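In case you want the letters, here they are:
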Amino acid sequence: MTTFQHDTFLSPFTWRYGTGAMRHLWSEVHKRRLWRRLWVALATAEQSAGLVTPEQVADLAAHVDDIDIARAEAIEADIHHDLMAEVQTFAEQCRIGGGIIHLGATSADIEDNADVLRIRDSLDLILAALRDLLAVFADKIAALADEPIMAYTHIQPAEPTTMGYRLALYAQDLVDDYLTLKSVRANLRGKGFKGAVGTGAAYAELLHGTGITPGDLERLIMSNLDLPAYPIASQTYPRKQDWQVISALAGAAGSLYKFAFDLRLLQSPVIDEWHEPFGSKQVGSSAMPFKRNPINAEKMNSLGRMVAALVDVAWNNASHSLLERTLDDSANRREILPVAFLATDEMLKVAKRILAGMVISHEAAARNFARFGVFSAVERVLMAAVKAGADRQAMHEVLRQESIAAWQLISAGQPNPLVDALASHPVLTTYLSSETIRALLDATAHLGDAPARARQFAFTIAQTLKDN
């Protein structure tokens, strides 16, 4: 069901990009529900200290899901404080427990811990999507481990590789990203409950004479949340954690960006080997009906640039959190955290769809290989001739001249004459037979151990996902 209208500004992340599950985690309703959950956890711990009654805690717990955005916004319009507006809204609903909501706390005790809970759940969604994508990569790598293709350096034909080996390059980066994100997730910490500047002074006053310390209270609450707390915090948790999270997301976005950018190159008619899926009713251009633009890969690149840019904002938030805190991070954190997750979420979703449905032109790959592969195999002729007694530098010059002449002819649209030219060259045939030269110029034998490495990495992906 649509819960927004199109007659005012909307972020494209409100409805266009990211999954529904990720949008839910960063929704206003879910945030306020987490706030209420934290107030219940605080009250439950304070009950252990004899500060509040079981009836008051039960009353709060009974109304955790009764979010009323309209009422909270009406109160905020008067008091200009969103968290206190939610406190008052919650209190109006809780006849018994309303008077003890937020007892001893400062806003960041609630907001910051709620943010980390959202970050944790969001990382779980990202990790699950990344696992799914890596599983598809593993299957594709194994299936294409032996298919020879031209590799390109400087966007020029270089030496042969295999299609599976090329895919393994992207997957290897993504495995590193997966492990980095797992580590970031495992090391997440909340602010805890330390009060206005992190000293726990208000809690110490509140707990005086109860036999429970502020540290005890914090441990009770954070255990309830299954969330470790920073041992040291100011008014907020260190904003360096946001930077670490967004940097890890940007790392994954960068790996996805490279895959998408390379696909765009390979989809160009000049190479024509890979194509993203194109629906039977899909329109490629409003003006040019024949167009099949790689719009999904382009979207991935567009979103990836945005995620990378958010790292700088998070760095500034961490670095400019003066003394015990300033509020100049607050407004942009409402944007950078959800957008970083939603953009990466969308990139992963699109990458999986592209990879699973990728159209591979094996004919184009073979054609490009036949056209350019022989040039890379010239190196095999050079090595064999030298082993047979030839001067390395003299042979290099012969091969260079013949290769350049052949390249000029194929650039003019003529067939590649290189094999015949080298097999009959009077200097080369002094050291190698024509048959040997022709066999050496078969570039399919110049793949090194790429097929074996690709198959092994497909297994490594499966093992990594199994163990992590």
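Look up: the structure comes first, before these words.
Just so you know, these numbers come straight off a predicted model, no measurement behind them. (Residues numbered from 1 in each chain as written. Predicted model: local features only at pLDDT ≥ 70, side-chain atom pairs only at ≥ 80, totals over all residues. Heavy atoms only, no water.)

Chemist: Describe the side chain of Glu 273, naming the residues involved and giving the relevant values.
Modeler: Looking at the secondary structure, you find Glu 273 in the loop between α11 (240-267) and β3 (274-275). Lacking a salt bridge, the buried Glu 273 has Arg 166 as its closest oppositely charged neighbour, with an N-O distance of 4.1 Å. Setting aside residues up to four positions removed in sequence, Glu 273 forms contacts with Ile 149, Tyr 152, Arg 166, Leu 266, Val 359, Ile 360, Ser 361, Ala 364, Ala 365 and Asn 368. (Helix = DSSP H or I, 4+ residues; strand = E, 2+ residues; numbered from the N terminus. Buried < 20%, exposed > 50% of the residue type's maximum accessible area, 1.4 Å probe, protein only. Lys, Arg positive; Asp, Glu negative; His and termini not counted. Salt bridge = Lys/Arg side-chain N within 4 Å of Asp/Glu carboxyl O. Contact = heavy atoms within 4.5 Å.)

Chemist: Give me the packing of aromatic side chains: which residues, what numbers.
Modeler: As enumerated under the stated definition, the model contains 10 aromatic pairs in all. Summarising the aromatic geometry, the rings of Tyr 257 and Phe 261 are spaced 5.9 Å apart at their centres and angled 85° between planes, so their arrangement reads as edge-to-face. Separated by four residues within a single helix, Tyr 257 and Phe 261 lie in helix α11, roughly one turn from each other. Here the aromatic residues Phe 137, Tyr 170, Phe 259 and Trp 274 are joined through ring pairs into a cluster of three or more. Of note, Arg 239 hangs over the ring of Tyr 237, and the distance from its end group to the ring centre comes to 4.7 Å. (Phe/Tyr/Trp six-rings, centres within 6.5 Å; stacked < 30°, edge-to-face > 60°. Lys NZ or Arg CZ within 6 Å of the ring centre and 35° of its normal.)

Chemist: Could you give an account of the pattern of salt bridges, naming the residues involved and the relevant values?
Modeler: It is possible for side chains bearing opposite charge to pair when their charged atoms get close. In total, this model carries 24 salt bridges according to the counting rule given. Where Asp 216 meets Arg 219, a salt bridge forms, and the shortest distance between an N and an O atom there is 2.7 Å. Placement of both Asp 216 and Arg 219 in helix α10 (residues 214-225) is noted, with a separation of three residues, approximately one turn of the helix. Judged by relative accessible area, Arg 219 falls into the exposed class, the value being 53%. Between Glu 346 and Lys 349 there is a salt bridge, with its nearest N and O atoms 3.0 Å apart. Here the residue Glu 346 and the residue Lys 349 both occupy positions in helix α13 (residues 330-357), the gap between them amounting to three residues, near one helical turn. Relative accessible area serves as the criterion here: at 2%, Glu 346 is assigned to the buried category.

Chemist: Help me get a handle on a nonpolar patch on the surface, residues and values and all.
Modeler: On the surface, Ile 155, Phe 261 and Leu 265 cluster together into a nonpolar patch covering about 280 Å² of accessible area. Given the relative accessible area of 37%, Phe 261 is considered partly exposed. (Patch = residues over 30% accessible without salt bridge, like charges linked within 9 Å, V, L, I, M, F, W, Y side chains within 5 Å. Areas by Shrake-Rupley, 256 points an atom, 1.4 Å probe, with all protein chains shown as cover.)

Chemist: Hey, could you go over helix α14 (residues 362-387) for me, with residue numbers and the actual values?
Modeler: Its 26 residues place the ends of α14 36 Å apart at the C-alpha level, agreeing with the 38 Å of an ideal helix rising 1.5 Å per residue. The largest bend along α14 measures about 40° and falls at Phe 372. Backbone geometry just downstream of α14 places Gly 389 in the positive-phi region, at approximately 115°. (Expected span 1.5 Å × (residues − 1). Bend = angle between axes of the 7 residues up to and from the residue.)

Chemist: Tell me about the side chain of Asp 242, and please be specific about residues and values.
Modeler: Here Asp 242 lies in helix α11. Each residue touching Asp 242, except ones within four places of it in the same chain, is listed here: Ile 119, Tyr 237, Ala 314, Arg 333 and Leu 337.

Chemist: Give me the lowdown on the pairing of strand β1 (residues 148-153), citing residues and values where you can.
Modeler: Summarising the sheet, β1 and strand β2 (residues 156-162) pair through five bridges and their orientation is antiparallel. In the strand pairing of β2, Pro 148 is matched with Thr 162. From the end of β1 to the start of β2, which pair antiparallel, there are two residues, and His 154 there has a positive phi angle of about 60°. (Pairing = 2+ DSSP bridges.)

Chemist: Describe in detail the packing of helix α7 (residues 107-143) against helix α18 (residues 450-467), supporting the description with residues and values.
Modeler: Between α7 and α18, the shortest axis-to-axis distance is 8 Å and the interhelical angle comes to 155°. Of the possible angle classes, the one that applies to α7 and α18 is roughly antiparallel. α7 and α18 meet at a crossing whose hand is left-handed. Counting all contacts with α7, which are made through Arg 131, Leu 134, Ala 135, Ala 138, Ile 141 and Ala 142, the residues of α18 involved are Ala 454, Ala 458, Ile 461 and Leu 465. Residue composition of the contact of α7 with α18, grouped by class: nine nonpolar, no polar and one charged. (Axes fitted to C-alpha atoms, helices over the stretch in contact; angles between N-to-C directions. Parallel < 35°, antiparallel > 145°, perpendicular 65-115°, else oblique. Left-handed = near helix turned anticlockwise from the far one by under 90°. Nonpolar A, V, L, I, M, F, W, Y, C, P; charged D, E, K, R; others polar.)

Chemist: Explain the environment of Gly 198 to me, and be specific about the residues and the numbers.
Modeler: Inspection of the secondary structure puts Gly 198 in the loop between α8 (163-186) and α9 (201-207). Residue Gly 198 is classed as buried on the basis of its relative accessible area of 19%. A C-alpha to C-alpha distance of 9.7 Å links Gly 198 and Pro 231, two positions 33 residues apart in sequence. Discounting residues that sit within four places of it in the chain, Gly 198 has contacts with Ala 233, Ser 234 and Gln 235.

Chemist: Summarise the environment of Pro 160; cite the residues concerned and give the values.
Modeler: With respect to the helices and strands, the residue Pro 160 is situated in strand β2. Classification of Pro 160 by relative accessible area gives buried; the value is 10%. Each C-alpha atom, one on Pro 160 and one on Leu 447, is 5.9 Å from the other, the two residues being 287 residues apart in sequence. The residues contacting Pro 160, other than those within four sequence positions of it, are Ile 149, Ala 151, Phe 369, Ser 376, Ala 443, His 446 and Leu 447.

Chemist: Tell me what's going on with the environment of Trp 26, and back it up with residues and numbers.
Modeler: Looking at where Trp 26 falls in the secondary structure, it is placed in the loop between α2 (20-25) and α3 (28-48). For Trp 26, a relative accessible area of 12% translates into the label buried. The sequence separation of Trp 26 and Ser 122 amounts to 96 residues, and the corresponding C-alpha distance is 8.7 Å.

Chemist: If you had to explain the packing of α3 against helix α6 (residues 82-93) to someone new, which residues and values would you point to?
Modeler: The contact between α3 and α6 brings their axes to 11 Å, and the two run at 70°. Comparing their axes, α6 and α3 come out roughly perpendicular. Crossing geometry of α3 relative to α6 is assigned as right-handed. Contacts between α3 and α6 involve Lys 31, Arg 32, Trp 35, Arg 36 and Trp 39 from the first element and Asp 82, Leu 83, Glu 86, Val 87, Thr 89, Phe 90 and Gln 93 from the second. The residue makeup of the contact of α3 with α6, split by class, is five nonpolar, two polar and five charged.

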